[in-house]
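Coordinates in review
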Amino acid sequence: AQSVTQLGSHVSVSEGALVLLRCNYSSSVPPYLFWYVQYPNQGLQLLLKYTSAATLVKGINGFEAEFKKSETSFHLTKPSAHMSDAAEYFCAVTPGGTSGTYKYIFGTGTRLKVLA
Amino acid sequence: DAGITQSPRHKVTETGTPVTLRCHQTENHRYMYWYRQDPGHGLRLIHYSYGVKDTDKGEVSDGYSVSRSKTEDFLLTLESATSSQTSVYFCAISERTGGSTDTQYFGPGTRLTVL
């Protein structure tokens, strides 16, 4: 069985400060991992994904995430927060490779607030 | 943006009435999904489809049914709506091909209120 835990349902950072959103996963098979962003009253948009090609993944809008198997983590970071980064962020896991049911397991989300 | 539309975008209905939500895609993707989003729960899978007339249950399927008679349309039906089904519903699509990572693309959502 797979699961995802996002630590901190709300995170506040100052504009220009480091953004760190935490995601830990549990998976009995090598996983694929995703970060999505949701702006108010919109659907989810893919930020980045890990598919075993490289452990450090760069995404859109300056975000990146590092897959750490030993820590079962896939934390999302951005060196300098911008006001436009205020949104809700979701981590998701699905079985990698050619097996699996193509179903995602989502975390409960982290709402990021950026302070001026 | 992936070509996914959901209709209606907003709906208010009364307890006990049937409700059908529609997801339409123009990407010809094989897989389609229905999720509900609730505070503190993230997104939870209701049903999904892996082809025309091929569907399966997700983790919160009780009280919901789905149908897929064409590749482009995936319908979610609440046979008799209850207040616990007040939520935001998202449709998603994906296509796993050789080397693909099964990225899911999401529609804009439908906000359903059951009074």
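Data block above holds the structure.
What counts and what doesn't
- Residues numbered from 1 in each chain as written.
- Chains lettered and ligands numbered in written order.
- Predicted model: local features only at pLDDT ≥ 70, side-chain atom pairs only at ≥ 80, totals over all residues.
- Heavy atoms only, no water.
- Helix = DSSP H or I, 4+ residues; strand = E, 2+ residues; numbered from the N terminus.
- Rg over C-alpha atoms; globule rule 2.2 N^0.38 Å.
- Buried < 20%, exposed > 50% of the residue type's maximum accessible area, 1.4 Å probe, protein only.
- Contact = heavy atoms within 4.5 Å.
- Lys, Arg positive; Asp, Glu negative; His and termini not counted.
- Charge placed at Lys NZ, Arg CZ, Asp CG, Glu CD.
- Polar contact = N/O pair within 3.5 Å; in protein donor to acceptor, adjacent residues only side chain to side chain.
- Pairing = 2+ DSSP bridges.
- Axes fitted to C-alpha atoms, helices over the stretch in contact; angles between N-to-C directions.
- Salt bridge = Lys/Arg side-chain N within 4 Å of Asp/Glu carboxyl O.
- Core = buried A, V, L, I, M, F, W, Y, C linked by side-chain atoms within 4.5 Å.
- 1 Å grid on protein atoms, 1.4 Å probe; cavity = no way out; pocket = protein on both sides within 12 Å on 5 of 7 lines; lining within 4 Å.
- Points joined across faces, edges and corners; volume = space filled by probe spheres on them.
- Nonpolar A, V, L, I, M, F, W, Y, C, P; charged D, E, K, R; others polar.

1. Topic: the overall build of chain B
When its secondary structure is counted, chain B shows zero helices and eleven strands. Counting from the amino terminus, chain B carries its helices and strands in the arrangement β-β-β-β-β-β-β-β-β-β-β. A compact globule built from 115 residues should have a C-alpha radius of gyration of about 13 Å, and chain B, at 14 Å, falls within 12% of that. Projected onto its principal axes, the C-alpha coordinates of chain B cover approximately 45 × 30 × 25 Å. Within chain B, buried positions represent 50% of all 115 residues. Pairs at least 24 apart in sequence give 55% of the contacts found in chain B among residues at least 6 apart. Here chain B contributes 12 positive and 13 negative side-chain charges, whose respective centroids are spaced 2 Å apart.

2. Brief notes about the side chain of B:D38
Residue and element names in this part refer to chain B. Mapped onto the elements, D38 comes out in strand β4 (residues 31–38). Separated by 2.8 Å, the side chains of D38 and R36 make a polar contact. Excluding residues within four positions of it along the chain, D38 makes contact with R44, T86 and S87.

3. What to know about the sheet that holds strand β7 (residues 64–70) of chain B
All names here are of chain B. In space, the four strands of this open sheet follow the order β1-β3-β8-β7, with antiparallel pairing throughout. At either end of the open sheet lies a strand with only one pairing partner, and these are β1 (4–7) and β7. Mean inter-strand twist for the sheet, computed between neighbouring axes without regard to direction, equals 20°. With six bridges joining them, strand β3 (residues 19–25) and strand β8 (residues 73–78) adopt antiparallel strand pairing. By the bridge assignment for β8, H24 is matched with D73.

4. A look at the pattern of salt bridges
All names here are of chain B. Going through the model one piece at a time under the given rule, you end up with seven salt bridges over all chains. Ionic pairing is found between D73 and R22, a salt bridge with its closest N-O pair at 3.1 Å. Pair noted here: D73 is in strand β8 and R22 is in strand β3, with a separation of 51 residues, a long-range link. For D73, a relative accessible area of 7% gives the class buried. Classification of R22 by relative accessible area gives partly exposed; the value is 33%. Among the ionic pairs, K70 bridges to D73, the shortest N-O distance being 3.3 Å. Judged by its relative accessible area of 40%, K70 falls in the partly exposed class.

5. Quick word on the nonpolar core
Grouped burial of nonpolar side chains is what soluble globular proteins tend to show. Residue and element names in this part refer to chain A. One finds W35, L48, F74, L76 and Y89 to be the most contacted residues of the largest nonpolar core, which totals 26 residues. Among the elements of the structure, β2 (10–14), β3 (19–21), β5 (31–38), β6 (44–50), β8 (64–68), β9 (73–78), β10 (87–95) and β12 (110–115) are those that each provide at least two residues to this core. Top contributing element to this core by residue count: β10, with four residues. Contacts of L76, omitting those with residues within four sequence positions, involve V19, L20, L21, W35, L47, L48, F63, E64, A65 and Y89.

6. A closer look at the environment of A:K69
Residues and elements named next belong to chain A. By the secondary structure assignment, K69 is in the loop between β8 and β9. The exposed category is assigned to K69, whose relative accessible area is 66%. Taking the C-alpha atoms as reference, K69 lies 9.3 Å from P30; in sequence the two are 39 residues apart.

7. Overview of the layout of surface pockets
Space inside the largest pocket adds up to approximately 580 Å³. As for the largest pocket, its lining consists of 27 residues, and the residues nearest its centre are A:Q38, A:E88, A:R111, B:Q37 and B:R111. Contributions of two or more residues to the lining of the largest pocket are made by β10 of chain A together with β4, β9 (87–94) and β11 (110–114) of chain B. Tallied by class, the residues present in the lining of the largest pocket amount to eight nonpolar, 14 polar and five charged.

8. Thoughts on the environment of A:V93
Residue and element names in this part refer to chain A. Examined against the element boundaries, V93 turns out to sit in strand β10. Look at V93 and you get buried, because its relative accessible area is 0%. In this structure V93 touches Q2, S3, V4, P31, Y32, L33, K103, Y104 and I105, once residues within four positions along its chain are discounted.

Spatial relationships are all this shows, so hold off on functional conclusions.
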